[in-house]
Amino acid sequence: MNQKRRTYKINTDGKSYQIHDSPFYKLLSKKKLLSVLCISKEQLITILSSDLNYNVFSQVGKTGKARTIEHPINSVDKLHTRIASLLCRIETPKFMHSGVKGHSHVTNARAHLGSHKTLTTDIKSFFPSTKKAMVFHFFHKRMQCSPDVADILARITTFESHIPTGSRISMPLAFWANMDMFFELERLAKSHDVIMTVYVDDLTFSGKEVNNLFKSTVNKIISKHGHIMHPKKTVLYQHDDVKVITGVVLKDNSVTIKNQQHANIHADMDLWKVVRDDLFVPSSLRNRLLGRLNSLSVISPNLKDKARSINHYKRKSKETKNTT
């Protein structure tokens, strides 16, 4: 009988503290490291010596483009989850909206409401371009771990000398390994009275001083830290433009959803109306529609009513079937 693969979850245990209170801070001995990671010396040796720690596969995204996923398996998956749980307990700066409780891609966009010039961009191949050397630098210089401890942490948290694309550790570690770049960008923004937010690899700046010169300076800082500002995903909006920030549309000082998202919901609702009175409603349609309505209701709360009506009809349909 096939055993169900265990799914690990990041657990902050309700803790939040400054970086110098992290158990990684000034971690100088390998013995102490084993205790922090909750593994034995033998387990660590096995992980470091194995070439079978990841499941690598391609996944087609919403844009139709294939993306390589590097997902840790078995003991490495568990270990990454442990490290990610500890990293997620470190307080992040106010400009960070990803991986922060109560924040999302919507709060990231809302931070830029108003009639401002706005620059949106992202870092090309953020995880693959965050190299093992950057991870080592974070643990050795910023966390002040001993060189051997920092080296072990860099080795067990990277795949083929970069941060993996499909691990629970990817997002928090990529931020901290690039903290020097993000804080330098924040200093630039503050010096020009510009609002800056970060959502994973998406950067947004808004304010009067956002212009081509500001954009060029942002590009120089990103390049200096070993990354590339994505040329096809960099947009400089004027103050009265309709703006798209982390998938959210800002228009007339309010947030809304994209026209294509409206069209997708409208098409699914039309199909739903056709089949809803039949004895059988395809679960794929219902689940897809509910998924869209629930996820986009964060932006447009009125969509919650449509989701409730579908759920109500689902329950009513089951009751009818049970009585026949």
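As a starting point, this report considers the structure included with it. (Residues numbered from 1 in each chain as written. Predicted model: local features only at pLDDT ≥ 70, side-chain atom pairs only at ≥ 80, totals over all residues. Heavy atoms only, no water.)

### With respect to the overall build of the protein chain
The condition is simple: In DSSP terms, a helix is any run of H or I states spanning at least four residues, a strand is any run of E spanning at least two, and both are numbered starting from the N terminus. Any pair of residues with heavy atoms lying within 4.5 Å of one another is described as a contacting pair. The accessible surface values rely on the Shrake-Rupley method and a 1.4 Å probe; as for residues, cover is taken only from the protein chains in view.
The helix and strand tally for the protein chain stands at 12 helices and 9 strands. A separation of at least 24 residues holds for 69% of the contacts in the protein chain among residues at least 6 apart in sequence. A total of about 18,500 Å² of accessible surface is found on the protein chain, and carbon and sulfur atoms cover 51% of it.

### Notes on the side chain of Thr158
This is how the line gets drawn: Three labels apply to residues, based on accessible area from a 1.4 Å probe with only protein chains included: buried if under 20% of the type maximum, exposed if over 50%, partly exposed otherwise in between. Two N or O atoms form a polar contact when they lie within 3.5 Å of each other; inside protein one atom must be a possible hydrogen donor and the other a possible acceptor, and for residues adjacent in sequence the pair counts only when both atoms belong to side chains.
Within the fold, Thr158 resides in the loop between α6 (147-156) and α7 (170-177). By relative accessible area, Thr158 is classed as buried at 9%. Here Ala154 takes part through its backbone oxygen, which lies 2.6 Å from a polar atom of the side chain of Thr158. The residues touching Thr158, leaving out its near neighbours within four places in the chain, are Tyr54, Lys132, Val135, Ile163 and Pro164.

### Observations regarding the nonpolar core
Selection rule: Only buried residues count toward a nonpolar core, which is a set of Ala, Val, Leu, Ile, Met, Phe, Trp, Tyr and Cys residues joined through side-chain atoms within 4.5 Å.
With 60 residues, the main nonpolar core has Phe24, Phe139 and Phe205 as its most contacted residues. Residue contacts for Phe139: discarding those within four places in its chain leaves Phe24, Gln144, Cys145, Ala150, Leu153 and Leu173. Core analysis: the second largest hydrophobic core is formed by 7 residues, Val106, Ala109, Val248 and Val255 among them.

### As for the sheet that holds strand β4 (residues 195-199)
Our working rule: By this definition, two strands are paired if DSSP reports at least two bridges between them. All axes are obtained by fitting lines to C-alpha atoms, using only the stretch in contact for helices, and the reported angles, taken between N-to-C directions, cover 0 to 180 degrees.
Reading across from one edge, β4-β5-β3-β6 is the order of the 4 strands in this open sheet, with antiparallel pairing throughout. Of all strands in the sheet, those with a lone pairing partner are β4 and β6 (235-237), marking the two edges. Neighbour to neighbour, the strand axes of the sheet diverge by 15° on average, direction disregarded. Pairing of strand β3 (residues 118-122) with strand β5 (residues 202-206), which is carried by 5 bridges, proceeds in the antiparallel orientation. Within β5, the residue paired with Leu119 across the bridge is Phe205. Strands β4 and β5 of the sheet are contacted by helix α8 (residues 179-191), whose axis makes an angle of about 155° with β4.

### Things to note about the pairing of β4
One ladder, built from 5 bridges, connects β4 with β5; its direction is antiparallel. Within β5, the residue paired with Tyr199 across the bridge is Asp202. Hairpin remark: β4 followed by β5, antiparallel, with 2 residues in the connecting loop; positive phi at Val200, about 60°.

### Comments concerning helix α9 (residues 212-224)
The criterion, for reference: Expected helix span is given by 1.5 Å per residue-to-residue step, counting one fewer step than there are residues. By definition, the arc is the one covered by directions from the helix axis to the C-beta atoms.
Over its 13 residues, α9 runs 18 Å from end to end, which matches the ideal 18 Å to within 8%, given 1.5 Å per residue. Among the residues making up α9, those that are buried are Phe214, Val218, Ile221 and Ile222. Around the axis of α9, the buried residues are gathered within 95° of arc, so they sit on the same side. Across α9 from its buried face, at more than 90 degrees, point the exposed residues Asn212, Leu213, Lys220 and Lys224.

### Comments concerning the layout of surface pockets
Under the convention used in this document: Grid spacing is 1 Å over the protein atoms alone, the probe is 1.4 Å, and a cavity is where that probe fits but cannot get out, while a pocket is an open set with protein on both sides within 12 Å along at least five of seven lines and lining residues have an atom within 4 Å of a point. Grid points are joined across faces, edges and corners, and a volume is the space filled by probe spheres set on the points.
There is about 540 Å³ of room inside the second largest pocket. Contributing to the lining of the second largest pocket are 26 residues, with Cys88, Thr92, Gly99, Val100 and Lys101 lying nearest its centre. Broken down by element, the lining of the second largest pocket gets its largest block of residues, 5 residues, from α7.

### Describing unusual backbone geometry
Of note, Asp13 is a non-glycine position whose phi angle comes to about 55°, a positive value. Tracing the backbone shows Asp13 in the segment before α1 (30-37). At Val200, a position not held by glycine, the phi torsion is positive, near 60°. Along the polypeptide, Val200 turns up in the loop between β4 and β5.

### Re the pattern of salt bridges
Defined as follows: Salt bridge, as used here, is a side-chain nitrogen of Lys or Arg placed within 4 Å of a carboxyl oxygen of Asp or Glu.
As enumerated under the stated definition, the model contains 6 salt bridges in all. The residue Arg168 makes a salt bridge to Asp77 at a minimum N-O spacing of 2.5 Å. You can see Arg168 sitting in the loop between α6 and α7 and its partner Asp77 sitting in helix α3 (residues 74-87), a full 91 residues away along the chain. With relative accessibility at 22%, the residue Arg168 sits in the partly exposed group. Notably, a salt bridge pairs Glu186 with Lys190, separated by 3.6 Å at the nearest N-O pair. Taken together, the residues span about one helical turn, with Glu186 and Lys190 both in helix α8 at a distance of 4 residues. Accessibility expressed as a relative area gives 18% for Glu186, which makes it buried.

### Comments concerning the side chain of Thr197
Tracing the sequence through the fold places Thr197 in strand β4. Of note is the side chain of Thr197, whose polar atom sits 2.8 Å from the side chain of Asn108. Here the side chain of Thr197 touches His112 through a polar contact of 2.8 Å, side chain to side chain. Apart from residues lying up to four places away in sequence, Thr197 is in contact with Phe95, His97, Asn108, Ala111, His112, Asp202, Leu203 and Thr204.

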